[in-house]
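Now for the letters of each chain:
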Amino acid sequence: MDVLQRLLPAARQAASLCQRVQRVHIRSASQDDAVRRKEGHEPVTIADYGAQAILCRAIRRLFPDDAIIAEEGGDEFLQLIDTGEREEVRRQVSAALGEEVSEAQLCVWLDQDHSREAERTWVIDPIDGTKGFIASRHYVIAVGLLDASRQVVAGLLAAPGWPGAGRLLYTRAGVALMEPLAGGAASQLQVSRRREPADMLLMESFEPAHTSHSRMQQVCETAGLAAARIERIDSQEKYGRVAAGQADLYLRQTLPGRGAHRIWDHAAGTALVQAAGGIVSDLDGSALDFSQGPTLARNKGVIAANPNIHGRVVDGLRALATQ
């Protein structure tokens, strides 16, 4: 069995926990006690910790020699989340797993050593698109897999907010597949082959803090894609839409003053788009470099596109840089 397939039940458990927390606890970022702010002011919820604990527990049991790089940590859980909320995380994880777990176990599962060397490294974002999760928009549970040379080789996205119904997207033996989040038959994913801008859908981040919407418009005009529609959503679901052929391009650029992109925001989506026949690269067309620890320190942005327009976007960005 493909190693990623063994993690699908845990991904479903994590998604179920997130949906329960969202229904019961999440009202709004301004009034909800379940929402906290990390250093740098990024939000985190009790569902982030619960979902990551479930995924890390499964990996530690199934693949004890593998390394893990994940967004959250045990020390932060103890410092940022108060006693009552930590108890609620414990209850939610116990319910998802069907067995009682302790707070100490949660901390062990949440912790990971970013510097550890291993033949495989799992890259986890327990809720990618936390602001979308809080606002009842789009979010995903994202898991990517790196090989010994830190190349992306597999990925999965559990997407509860996928249009129509929740979906589970994953790679298997180099192929991208999608099935209902609740379970069912899988179908193979293929990126689009659209060439005409008027027929295209382009994806970009919902949050202005994550991308420059005006810059995206400039790129479209320079690349001859001005007639394409643009949709803004949260999370790596954007990668999923490109992999499924529903969208044609996802573009993200590093904004001035912001740090390098985190690998957990891109590993799973990269694997899916590539397995579906698409191209994922830096803004200059070079490969993304996942070998620099938790960040894409050597990359300035991301282009995920169908192969018929990827080169046009690279050329457009190059031309824009000379203006």
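What you are looking at is a predicted structure, and each value in this text was computed from that prediction instead of being measured.

Novice: Now, about the packing of helix H2 (residues 46-62) against helix H5 (residues 103-110): what can you tell me, with residues and values included?
Specialist: Where H2 contacts H5, the axes come no closer than 8 Å and their chain directions differ by 75°. For the element pair H2 / H5, the angle class is roughly perpendicular. Between H2 and H5, the contacting residues are Tyr49, Gln52, Ala53, Cys56, Arg57 and Arg60 on the first element and Leu106, Val108, Trp109 and Leu110 on the second. When the residues that make up the contact of H2 with H5 are grouped by side-chain class, the tally is 7 nonpolar, 1 polar and 2 charged.

Novice: If you had to explain the sheet that holds strand E3 (residues 67-70) to someone new, which residues and values would you point to?
Specialist: Read across the open sheet, the 7 strands follow the order E3-E4-E5-E6-E7-E8-E9; overall the sheet is mixed. Each edge of the open sheet is held by one strand with a lone partner, namely E3 and strand E9 (187-188). Bridge count between E3 and strand E4 (residues 121-128): 4 bridges; the pairing is parallel. Looking at the pairing, Ile69 lines up with Val123 of E4. In the packing of H2 onto the sheet, the strands contacted are E3, E4 and strand E5 (140-146), and the crossing angle to E4 comes to about 155°.

Novice: Tell me about the nonpolar core, and name the residues and values.
Specialist: Within the largest apolar cluster, 52 residues are counted, with the highest numbers of intra-cluster contacts made by Val93, Trp122 and Phe133. In terms of residue count, H2 provides more of this core than any other element does, 10 residues in total. When neighbours within four sequence positions are excluded, Trp122 is seen to be in contact with Val3, Leu4, Leu7, Ile59, Phe63, Asp66, Ala67, Ile68, Ile69, Val143, Gly144 and Leu145. Judged by nonpolar contacts, the second largest core, of 37 residues, contains Leu169, Ile233, Tyr250 and Leu272.

Novice: So what about the pattern of salt bridges? Which residues, and what values?
Specialist: This structure, assessed with the given rule, holds 15 salt bridges. A salt bridge links Glu204 to Arg232; the shortest N-O distance between them is 2.8 Å. Taken together, the residues Glu204 in strand E10 (residues 201-205) and Arg232 in strand E11 (residues 229-233) connect sequence positions 28 residues apart. With a relative accessible area of 41%, Arg232 lands in the partly exposed category. A salt bridge links Glu237 to Arg241; the shortest N-O distance between them is 3.1 Å. One end of the pair is Glu237 and the other is Arg241, both in helix H8 (residues 237-243) and 4 residues apart, which spans about a single turn. Across this residue pair, the class does not change: Glu237 and Arg241 are buried. Beyond isolated ion pairs, a larger network of salt bridges with shared partners links Glu87, Glu88, Arg90, Arg91 and Glu100.

Novice: Run through the sheet that holds E10, naming residues and quoting values.
Specialist: Reading across from one edge, E11-E10-E12-E14-E13 is the order of the 5 strands in this open sheet, with mixed pairing throughout. Of all the strands in the sheet, just E11 and strand E13 (279-281) have a single pairing partner and so form its edges. The mean angle between the axes of side-by-side strands here comes to 20°, regardless of whether they run parallel or antiparallel. Pairing analysis gives 5 bridges linking E10 to E11, with the strands arranged parallel. By the bridge assignment, Glu204 is partnered in E11 with Arg232.

Novice: Quick rundown of the environment of Ile46? Include the residues and the values.
Specialist: With respect to the helices, strands and loops of the structure, Ile46 is situated in helix H2. Relative accessible area serves as the criterion here: at 3%, Ile46 is assigned to the buried category. For the pair Ile46 and Gln92, spaced 46 residues apart in sequence, the C-alpha to C-alpha distance is 9.3 Å.

Novice: Summarise the packing of helix H1 (residues 8-24) against helix H4 (residues 83-97); cite the residues concerned and give the values.
Specialist: Between H1 and H4, the shortest axis-to-axis distance is 10 Å and the interhelical angle comes to 135°. On the basis of the axis angle, H1 is oblique to H4. In this structure, H1 meets H4 at a crossing whose hand is right-handed. Where H1 approaches H4, its residues Gln13, Leu17, Arg20 and Val21 are matched on the opposing element by Gln92, Val93, Ala95, Ala96 and Leu97. Its residues assigned to classes, the contact of H1 with H4 shows 6 nonpolar, 2 polar and 1 charged.

Conventions we followed
- Residues numbered from 1 in each chain as written.
- Predicted model: local features only at pLDDT ≥ 70, side-chain atom pairs only at ≥ 80, totals over all residues.
- Heavy atoms only, no water.
- Axes fitted to C-alpha atoms, helices over the stretch in contact; angles between N-to-C directions.
- Helix = DSSP H or I, 4+ residues; strand = E, 2+ residues; numbered from the N terminus.
- Parallel < 35°, antiparallel > 145°, perpendicular 65-115°, else oblique.
- Contact = heavy atoms within 4.5 Å.
- Nonpolar A, V, L, I, M, F, W, Y, C, P; charged D, E, K, R; others polar.
- Pairing = 2+ DSSP bridges.
- Core = buried A, V, L, I, M, F, W, Y, C linked by side-chain atoms within 4.5 Å.
- Buried < 20%, exposed > 50% of the residue type's maximum accessible area, 1.4 Å probe, protein only.
- Salt bridge = Lys/Arg side-chain N within 4 Å of Asp/Glu carboxyl O.
- Left-handed = near helix turned anticlockwise from the far one by under 90°.

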